[in-house]
Amino acid sequence: MIYQGKQKIWSDYQKDIPDDHWFYVRSCIRQSFFPASEKYFLKICRDLLGKDVYETEHHTTCGGIAYHSDTIPQETAMTIVARQFALMKEAGYKNLVTSCITSFGNYTEIIETWREFPELEAKIRENLWKACRREFDIPEYVAHASDLIFKFKDEIGSLAKYHLVDGVTGEPLRVVEHIGCHYSKMFPHKGFGGAEYPCVLSGMVESWGGHVIDYPERRHCCGFGFRQYLVKANRGYSVSNTHKKFESMEPYHPDMIITNCPGCPYFLDRWQYVISEMEGKTYGQNGYGIPVFTYEEVAGLVLGFDPWDLGLQIHQVAVEPLLEKIGIPYDPKKKYLGLDGKEIMKPGLPTVLKCC
Amino acid sequence: MGKFYDELCKDYRFKEGLKTCINCGTCTAICPAAEFYRYDPRKIVDTVQRKDDAAIEALLKSETIWYCGECMSCVTRCPRKNGPGLVIMALRNLSIKLGYFTESEKGRQVYPLTKALNGNVLNYGYCVHPATFAYSDHPEAGPVFEWVLNNKEDVYGRLGANYQGKGPGVLRHIPQEDLDELKAIYDVSGGTERLELVEKYSRAKAEEMGMSIEEYTAYTFNHISPGHFNNEQ
C-alpha cells in the first residue's frame, strides 16, 4: 500500500502488533495494587478473545523500578531482562507483552541500546550464561498489555453490556485519559499515536462510548518520579505534580480517569485522598473524588463483570457514584468481603473524602 | 578533557543522552522536577558538556542531580535529540561509584532505596511487594490499603491472586531457584558490588554523623531540610 499526504503522516503514528501468541510478564506495582486487573487482562484475552497468552511462574521483575531509582547498574538491569527473554525463548514464544509501562520502556530502551552498541549485547549474553546458563533471543515484538486491549477494543465493544455513557441522559461520560510517561515519551514510535497523539486509551474510551477531555496538563507526569515517591522525605514532589494535574482538569468536570501505567492510578487515586486531608479539597461532585481506573477495570466494567470482582473496592476514591451514573448494578454488602465471602473487618474512613 | 567527563563517556546512557546541547532550555520548561525543585536540567547538561572537572565534581556531590524523577519528558522535547534524564542517570551512577552521593541529603537517600528495592528483588522477585510495604511508611496509601495490608490473604485471595502460592499468578511465591538466578545475575553484572559499595560508604557517613546504621536509614528516609523547593524563601 502506498501512503500519501495525511494518510502517510498518520501511518507514522500507528503500529501493527501481532494477533496472537504472547509471553506475559507481570508488573511489580500492578499486581500489588491492582491484582484483579492482571487477572482480568488474562481472562479477557484468553476466555473472551480466544488468544494464547502464556505465563511461567519462573519470571520475575524486570528490575525497572530499582534501575530508575538508580540502585542497580545498567548491566544488572539488562541481564535481568535478558533472563526474561531467555524464558520466553525456552517457552517457544517470540512476542512479549508486559503489564507495566516502566517495563515496556525498559525492554524497549535495552533492545534499542543493544542495536546501537552490539558489544554491550554480547557482554549481557556472557553475563546471562555465567549466571544462569541460559541463552536468549530478542523478542520479535514487545507490547504493553494495553496495546492488546486497544487492538481488540472494537471486539470488546461488540460484547459490551454497558457503555461509557450516562444511563439516564444517554450523554457520553467525560473521561480523562492518562498515558504514563514511559509508554511513548522515550521512544514515541513504539506507542500507538506516538508522544504527540497517543491514542491507546482515547481509542478505547471512544470505542466504548465515552468522550475524551482535553485539558492543559493532559501530558504532565502523575508525579511518581521513582525516588521522589519511594523515599518518604521526597513525596512533596509526587503530590505536587498530581495536584497540578487535578487543578488543571477540574474545570472540565471529569466523570472518571482511565490510566495506562500501573503506578499512575495509584498516585492519582491516593493523592486525591491526601489533598483532601491536607487542604479539605475534593475534585468530584458532592464531596467525592474523581474515580481512577486501570484500562483493564474499564474493559471489565464495559463487559459486565462485577465491580468487586474487578477490585474496585481497593481504590480509595469511591466508584459507586460512577457505577450508578452508568447504571451498573453492585451489591454494597459484598464490597468488603474476604475470601469465599468471609466477613472481615471493614476499612476506616477518610476525614474529608466521601466514601460509600 | 577532564577525568570525570571521561568516566561519564563510558556510560551508555551518557553516549545516548548527550549529543550537542544548544542551551535552549526546553528540557527545563517541560520538566516536572524543575516546576517544584530548585532544579534546572539545562544548566546541568551545559555544565557537563563544558568538561570542567571541578564543576562536574561539584555536581556529583550536589543535591541537584537527585531532583530528577526520570520521567523522561525531556527526551521527547529536546530539539537536538539529547536526553538530559539519561545524563542525570550517568551522573548519579558516577556519584555512587565514587562515594560522592553521601555528600548531599538527597544523595544519601540512595541507601534506604538500595536496601528496600533490592531486598525485595532478591527475596520476593519483585521491586515492590505487599509483604514489605509498611503502612507506617506509607500513610498516603489510605485507610483502604491499610485494610488490604491487614487482610492480605483474604483480600488478595478474593481478587484472584495466588498470594505466596505455588505456580503462576499474581503475587505468587517465586521459586528459590529463580531467586538464586537473580542473585547470580547481581554477582556477575556488578549489582552485588554496587550494593556493597553503597553499604560501605553509607556506614562510613553514618559514623561521621554520629548515628547507628538503623538511625541513618530512618533519618535519610524521613528527613527533609529546608531549601530544596522553588517556593521557599
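Just so it is clear, the model here is predicted, and its values are computed rather than measured.

1. Some remarks on the overall build of chain A
Now for step 1: Check the secondary structure of chain A and you find 16 helices and eight strands.
Now for step 2: Taken over the C-alpha atoms alone, chain A extends approximately 60 × 50 × 45 Å along its principal axes.
Now for step 3: The 356 residues of chain A split such that 57% are buried.
Now for step 4: In chain A, once contacts between residues fewer than 6 apart in sequence are set aside, the share between residues at least 24 apart is 76%.

2. So, the overall build of chain B
Now for step 1: On a plain count of helices and strands, chain B comes out with 15 helices and zero strands.
Now for step 2: Each of the three principal axes of chain B carries a C-alpha extent, and together these read 55 × 35 × 35 Å.
Now for step 3: Going through the 233 residues of chain B one by one, you find that 49% of them count as buried.
Now for step 4: At a minimum sequence separation of 6, the contacts of chain B that also span at least 24 residues come to 62%.

3. Some remarks on the sheet that holds strand E5 (residues 174-178) of chain A
All names here are of chain A.
Now for step 1: As summarised here, the arrangement of the four strands in space is E6-E5-E7-E8, forming an open sheet in which the pairing is parallel. Whereas interior strands pair on both sides, the edge strands pair on one side only; in this sheet they are strand E6 (211-212) and strand E8 (292-294).
Now for step 2: As judged from the three bridges shared by strand E7 (residues 256-259) and E8, these two strands associate in the parallel manner. Counterpart to Ile-257 in the pairing with E8 is Val-292.
Now for step 3: This element, helix H11 (residues 200-207), spans E5, E6 and E7 of the sheet and lies at about 160° to E5.
Now for step 4: Relative to the sheet, helix H14 (residues 263-279) contacts E5, E7 and E8, its axis offset from that of E8 by approximately 165°.

4. Some thoughts on helix H5 (residues 74-91) of chain A
All names here are of chain A.
Now for step 1: Here H5 is 18 residues long and its end C-alpha atoms lie 26 Å apart, about the 26 Å a rise of 1.5 Å per residue gives.
Now for step 2: A large share of H5 lies buried, amounting to 14 of its 18 residues.
Now for step 3: Immediately downstream of H5, the backbone of Gly-92 shows phi near 85°, a positive value.

5. So, the environment of Pro-251 of chain A
Residue and element names in this part refer to chain A.
Now for step 1: You can see Pro-251 is positioned in the loop between helix H13 (235-249) and E7.
Now for step 2: Exposure remark for Pro-251: the 10 C-beta atoms within 10 Å place this residue in the exposed category.
Now for step 3: A sequence separation of 134 residues divides Pro-251 from Phe-117, and the C-alpha atoms of the two residues are 48 Å apart.

6. With respect to unusual backbone geometry
All names here are of chain A.
Now for step 1: Unusually for a residue other than glycine, His-21 sits at a positive phi of about 70°.
Now for step 2: Overall, the presence of 13 C-beta atoms within 10 Å leaves His-21 in the partly exposed class.
Now for step 3: One non-glycine residue with positive phi stands out, namely Arg-133, at about 55°.

7. Brief notes about the packing of H13 of chain A against H14 of chain A
Residues and elements named next belong to chain A.
Now for step 1: For the pair H13 and H14, interaxial distance at closest approach is 10 Å and the crossing angle is 95°. In terms of their interaxial angle, H13 and H14 are classed as roughly perpendicular. Together, Ser-238, Val-239, Thr-242, His-243 and Phe-246 of H13 and Phe-267, Leu-268, Trp-271, Gln-272, Val-274 and Ile-275 of H14 make up the contact between the two elements.
Now for step 2: A class-by-class count of the residues in the contact of H13 with H14 yields seven nonpolar, four polar and no charged.

8. Quick look at the sheet that holds strand E1 (residues 22-25) of chain A
Now for step 1: Spatial ordering of the open sheet is given by E2-E1-E3-E4 (chain A), a layout of four strands whose pairing is parallel. Edge positions in the open sheet fall to strand E2 (53-54) and strand E4 (141-144) of chain A, since each of these has one partner strand only.

9. Considerations on the interface of chain B and chain A
Now for step 1: Residue-level contacts link 74 residues of chain B with 73 residues of chain A.
Now for step 2: The element contributing the most residues to the side of chain B that touches chain A is helix H13 (residues 176-189) of chain B, with nine residues.
Now for step 3: The residue makeup of the side of chain B that touches chain A, split by class, is 40 nonpolar, 19 polar and 15 charged.

10. Section: the domain arrangement of chain A
Residue and element names in this part refer to chain A.
Now for step 1: Along its sequence, chain A is carved into domain 1 (18-145) and domain 2 (153-334).
Now for step 2: Relative to domain 2, the C-alpha centre of domain 1 lies at a distance of 26 Å.
Now for step 3: When contributions to the side of domain 1 that touches domain 2 are tallied by element, the ones reaching two or more residues are helix H2 (28-33), helix H3 (35-48), helix H4 (64-68) and helix H6 (101-116).
Now for step 4: Of the residues belonging to the side of domain 1 that touches domain 2, the class tally is 14 nonpolar, nine polar and three charged.

11. Digging into the packing of helix H10 (residues 110-124) of chain B against helix H15 (residues 213-222) of chain B
Residues and elements named next belong to chain B.
Now for step 1: As a packed pair, H10 and H15 sit with axes 8 Å apart at the nearest point and diverge in direction by 105°. Of the possible angle classes, the one that applies to H10 and H15 is roughly perpendicular. Here H10 contributes Tyr-111, Pro-112 and Lys-115 to the contact with H15, which in turn contributes Tyr-216, Thr-217, Thr-220 and Phe-221.
Now for step 2: In terms of residue class, the contact of H10 with H15 is made up of four nonpolar, two polar and one charged.

12. Thoughts on the pairing of E7 of chain A
All names here are of chain A.
Now for step 1: Residues Met-256 and Ile-258 point to one face of E7 and Ile-257 and Thr-259 to the other, with burial holding for every one of them.
Now for step 2: In this structure, E5 lies alongside E7, joined through four bridges in parallel fashion. Bridge pairing in E7 places His-178 opposite Thr-259.
Now for step 3: Following the backbone out of E7, through H14 and into the adjacent parallel E8, one traces a crossover that is right-handed.

13. Points about the pairing of E1 of chain A
The two faces of a sheet get side chains in turn, since along a regular strand they alternate between them.
Residues and elements named next belong to chain A.
Now for step 1: Side chains Trp-22 and Tyr-24 project from E1 onto one buried face, and the interleaved Phe-23 and Val-25 project onto a second face that is buried too.
Now for step 2: As defined by bridge partners, E1 adjoins E2 across two bridges and the pair is classed as parallel. Note on E2: the bridge partner recorded for Phe-23 is Tyr-54.
Now for step 3: With three bridges joining them, E1 and strand E3 (residues 95-98) adopt parallel strand pairing. Each bridged residue has a counterpart across the sheet, and for Val-25 the counterpart in E3 is Thr-98.

14. Overview of H15 of chain B
Residue and element names in this part refer to chain B.
Now for step 1: Buried within H15 we find Tyr-216, Thr-220 and Phe-221. For H15, the angular spread of buried residues about the axis comes to 125°, placing them on one side. Within H15, the exposed residues directed more than 90 degrees away from the buried face are Glu-214, Glu-215 and Asn-222.
Now for step 2: Residues of H15 that are buried sit in contact with helix H9 (105-108), H10 and helix H14 (191-208).

Reading the values: rules and limits
- Residues numbered from 1 in each chain as written.
- Chains lettered and ligands numbered in written order.
- Predicted model: local features only at pLDDT ≥ 70, side-chain atom pairs only at ≥ 80, totals over all residues.
- Helix = DSSP H or I, 4+ residues; strand = E, 2+ residues; numbered from the N terminus.
- Buried ≥ 20, exposed ≤ 12 C-beta atoms within 10 Å, placed from the backbone.
- Contact = placed C-beta atoms within 7 Å.
- Pairing = 2+ DSSP bridges.
- Axes fitted to C-alpha atoms, helices over the stretch in contact; angles between N-to-C directions.
- Expected span 1.5 Å × (residues − 1).
- Parallel < 35°, antiparallel > 145°, perpendicular 65-115°, else oblique.
- Nonpolar A, V, L, I, M, F, W, Y, C, P; charged D, E, K, R; others polar.
- Domains from an automatic or database assignment.
- Right-handed = clockwise from strand over helix to strand, strands pointing away.
- Arc of directions from axis to C-beta.

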